[in-house]
Amino acid sequence: MSVPLPPGLQLEKFEEDDKIMTLNVGPQHPGSGHMRLIIRVDGDYIVSCDPDPGYVHRGEEKMAEYRNYILNIPHLERPVIHDSCNILYPYVLGVEELLGLEVPERAKYVRVIAAELNRLSYTLYWLAIYGIFLGHSTMFMWPVGDRELAIDLLDKLTGARVTHSYFVPGGIRNDFPANFEDVCIRQVNYLKKRLKTYGDIFYDNPILISRTEDTGILSREDAIRLGTTGSVLRASGVDFDVRTKEPYDAYEELDIHTNVLKKGDSYDRSKVPWLDMLESCNIIKQALEKMPKSGSVRVKLKPNPKGGDDEVYKRVESGRGSLGVYIVSRSKPEPYRLKLSVGSFRNLICLPYLLKGEKLGNMPAVYWGLNYWPVEADR
Amino acid sequence: MGTATGIIRALNSGIKHLAVKRFTLRYPEQKLKFVGDGYQFDPTTGVGIAGYKGRHLLFHDKCTGCQLCAIACEGVAEAIGMVKVPEDWKHNKKAIMPQIDYGKCVFCGLCVDACPFYALYMTNDYELSSFSKEALIYTPAQLQVKPEVQQDAEIIIDDRGAYHG
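Quick caveat, the model's predicted, so the values are computed rather than measured.

Cut-offs and rules
- Residues numbered from 1 in each chain as written.
- Chains lettered and ligands numbered in written order.
- Predicted model: local features only at pLDDT ≥ 70, side-chain atom pairs only at ≥ 80, totals over all residues.
- Heavy atoms only, no water.
- Pairing = 2+ DSSP bridges.
- Helix = DSSP H or I, 4+ residues; strand = E, 2+ residues; numbered from the N terminus.
- Axes fitted to C-alpha atoms, helices over the stretch in contact; angles between N-to-C directions.
- Contact = heavy atoms within 4.5 Å.
- Core = buried A, V, L, I, M, F, W, Y, C linked by side-chain atoms within 4.5 Å.
- Buried < 20%, exposed > 50% of the residue type's maximum accessible area, 1.4 Å probe, protein only.
- Domains from an automatic or database assignment.
- Buried area = accessible area lost by both parts, 1.4 Å probe.
- Salt bridge = Lys/Arg side-chain N within 4 Å of Asp/Glu carboxyl O.
- Patch = residues over 30% accessible without salt bridge, like charges linked within 9 Å, V, L, I, M, F, W, Y side chains within 5 Å.
- Areas by Shrake-Rupley, 256 points an atom, 1.4 Å probe, with all protein chains shown as cover.
- Phe/Tyr/Trp six-rings, centres within 6.5 Å; stacked < 30°, edge-to-face > 60°.
- Lys NZ or Arg CZ within 6 Å of the ring centre and 35° of its normal.
- Polar contact = N/O pair within 3.5 Å; in protein donor to acceptor, adjacent residues only side chain to side chain.

Let's shift gears to the sheet that holds strand β9 (residues 335-341) of chain A. Residues and elements named next belong to chain A. Spatially, the three strands line up as an open sheet ordered β7-β8-β9, and their pairing is antiparallel. With one partner strand each, in any of the chains shown, β7 (309-318) and β9 form the two edges of the open sheet. The mean inter-strand angle of the sheet, taken between neighbouring strand axes irrespective of direction, is 10°. Of the strands in this sheet, β7, β8 (321-330) and β9 are in contact with helix α3 (residues 84-99), which crosses β7 at around 150°.

Laid out in C-alpha cells, this is it:
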C-alpha cells in the first residue's frame, strides 16, 4: 500500500528492532465481538493489551430522554437482546419508585421467573460462544440446543423469543398462559438435568482444564480494586450477588445460594455462570411454588405518567453482573437523564491486567471468561 | 481425577448423547406451536392476554381511527401510519385506519396495549418475508385477513430426551 494508514488503523506495526509487534484483534473478528483489542506481542507473549470498545454505540441513554416511561421499554432492552428482562428490570424498578407504584405480589414472582429464564437463555448463549472459541464445538451445539427450552418458555410467557418487552412500570404485560406452571417445571427440570451433563464433557474435561487453569488470575484484592462485578467477582472469591445482598422484588422471600470460587483464573470464571444456571433452575422452581396462585399482575397507569423532581438509582443482578439504572426526573413524562451502569463495561477494565504476560493463544479464554457483551458495554 | 479418566468420561458423555433424540426443529416441515391466537389486550383490566406477538389483526368494525396506536408507535418504530379507507363506518368519521410497515415493526405490541376499542390484536403469523420493501407494508385491508397458520410442533420430553413432535 502506497499511502500510509493513520496510526489507529494500522494493522501491524513493528517496533524495537522487530521485537514487539502490534496486533489488532477486531473489530470484525468474531473472536472479539464488535470491539477491538490492540495487543502488543513479544513472540507469543502479550506485552500489553488495550481494549477499544465503542463500535456499537447506539445512544440508548440519549434516546431515553425523548421518550416517555412506557415507550422507553422496547429500545432499552436492545443492548442485550438475550437478557432483555434483566436489562429492563432496574429501569422498571426505578420508574416504579419515581411514580410511587405498588407492584402486585404475583407480578413480582412472575418477574423473577422471567428474569431467571432470561439469565438461563443468556448464559447458555454465552457458554456456547465460550465453548466454540476454545475449539470445543460440542459445547457450542449443546447449549444452543438446550437454550431452546428456556426460549420456548419465554416465548409462551411473553410472546417473543428475544426482546420480550415484558416488564412495564407497575407490573408485567400479561399473566401466565394456561398450563404454564406444569410446562415450566417439566422443561426446567429437564434443562437442569442437561446442565449437569455439561460437567462431564466440558468442566471436568482435562483438555479444558489444562487450557484455562492458571490463565489470567485475578486476585480477590484486584477484583475489588478494579470494580469488577458478577461472575468475575464471584470467581475471585468475593461473595457478592445483588439478589442476596440487596434483594429486590420477590428475591427477598427466596432462598438463593451464591456460588463463590476461590482461584480467580479463567477456569473459575467460566464455571461460576454454569453454577449460577443450576441455581437459576432452583430459583424458578421455588418461585413457582411460593407465588400467589391468582391475583392482579399490573397496576393501571395513566397515559404519559409523570415523576416528581426526583432521582433514583436501582440495580439488579444481570447475567453479566450488577446492572444499575440512574434516572433523573424533572416533572415531565420523559426522564431528564437516564444512565445505564452495566456489568460488561466494569469487567472489561480488568482485561489489560489479565492479559499481560499471557500467551496469545490464551486470549480468547481470558476475554470470553469475562462474560463481556460488547453491545451492552457501548450502550 | 486423572487425565485419562477425565477424557474417557468426556468421551462417554458424548457417546451416550448418540442415543438421545435429536432436538432440532425441522422448520419448514415442522412449525412451533404457540399459546393461544396471539397477543391480545384487555383495556378494561389493563392486562394483556398471553400469546405470540406476530403480524397484527385489525378489526374494521371496531377501529375508530383514533390514532392511539400510531402515537404509541411513534416513539418505538414509526411503523404505523394512518391511511384512508374506502369503507364507510359510523364510528370512524375520518375513515382512517392503521397501515403497518413490517420492515420497521419490532413486534413489541405496545400498539395493542394502546388500543382502547379491542380493534388491534396480534396473531401467530411470523412468516412475513417478501421480495420487495413495498410488499412489507400491510394495508388495512390486508391486516383484516385472519392468517392461516399450521403450527403444531411442541417440545416433548421423555426418557429419550427432548424433541419437537
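Next comes the rest of the write-up.
Next up on the list: the nonpolar core. L37(A), Y91(A), L120(A), L195(A), F202(A), I327(A) and L351(A) are the most contacted members of the largest nonpolar core, which totals 121 residues. For this core, the element with the most residues is helix α4 (residues 105-133) of chain A, which contributes 15 residues. Composition of this core by domain shows at least three residues from each of domain 1 (7-52) and domain 2 (60-378) of chain A. Core analysis: the second largest hydrophobic core is formed by 27 residues, Y39(B), V85(B), Y102(B) and L128(B) among them.

Moving on, we get to the interface of chain A and chain B. Counting residues at the interface gives 35 residues for chain A and 40 residues for chain B. Both faces considered, chain A and chain B share a buried interface measuring about 3100 Å² in area, 59% of it formed by carbon and sulfur atoms. Interface area lost by chain A to chain B is led by L71(A), R173(A) and Y190(A), which between them contribute 19%. Summed over the shared surface of chain A and chain B, the result is four salt bridges. For the side of chain A that touches chain B, the secondary-structure elements that each account for two or more residues are α5 (138-158) and α6 (180-203) of chain A. Top contributing element to the side of chain A that touches chain B by residue count: α5(A), with nine residues.

In this section: the environment of A95(B). Residues and elements named next belong to chain B. Along the polypeptide, A95 turns up in the loop between β4 (80-84) and β5 (96-101). Placed 32 residues apart in sequence, A95 and C63 show a C-alpha to C-alpha distance of 9.4 Å. Once residues lying within four places of it in the same chain are set aside, the contact partners of A95 are V83, K84, V85 and E87.

Right, let's talk about a nonpolar patch on the surface for a bit. Judged by side-chain polarity, I207(A), I7(B), L11(B), I15(B) and L18(B) come together as a nonpolar surface patch covering roughly 530 Å² of accessible area. Per-element tally for the nonpolar patch: the top contributor is helix α1 (residues 3-16) of chain B, with three residues. A relative accessible area of 55% means that I207(A) is categorised as exposed.

All names here are of chain B. Read from one edge of the open sheet, three strands run β4-β5-β7, paired in antiparallel fashion. Lying at the two open borders of the sheet, with one neighbouring strand each, are β4 and β7 (137-138). By the bridge criterion, five bridges tie β4 to β5 in an arrangement that is antiparallel. Within β5, the residue paired with I80 across the bridge is I100.

For the rest of this paragraph, the subject is the packing of aromatic side chains. Residue and element names in this part refer to chain A. Counting across every chain of the model gives 21 aromatic pairs over all chains. A centroid spacing of 5.9 Å and a plane angle of 5° characterise the contact between F133 and W368, whose relative ring orientation is stacked. One end of the pair, F133, is in helix α4; the other, W368, is in helix α14 (residues 363-369), and 235 residues separate them in sequence. Relative accessible area serves as the criterion here: at 4%, W368 is assigned to the buried category. Taking 5.3 Å as the distance between ring centres and 80° as the angle between the ring planes, the aromatic pair formed by Y367 and W368 counts as edge-to-face. Considered together, Y367 and W368 belong to a single accessibility category, that of buried residues. By way of ring pairs, the aromatic residues Y89, Y166, F167, Y248 and Y251 are connected into one cluster. Across from the ring centre of F176, 5.3 Å away, lies the NZ or CZ of R106, which sits over that ring.

All names here are of chain A. One can read the domain layout of chain A as domain 1 (7-52) and domain 2 (60-378). Relative to domain 2, the C-alpha centre of domain 1 lies at a distance of 31 Å. Facing the 17 residues of domain 1 at the interface are 17 residues of domain 2. Summed over both partners, the interface of domain 1 with domain 2 comes to about 1400 Å²; 72% of that surface belongs to carbon and sulfur atoms. Along the contact surface separating domain 1 from domain 2 lie zero salt bridges. Viewed at the interface, domain 2 and domain 1 are joined by three residue pairs in polar contact (both at pLDDT 80 or more). Mapped by element, the contributors of at least two residues to the side of domain 1 that touches domain 2 are β2 (20-25), β3 (36-42) and β4 (45-52). At five residues, β4 tops the list of elements feeding residues into the side of domain 1 that touches domain 2.

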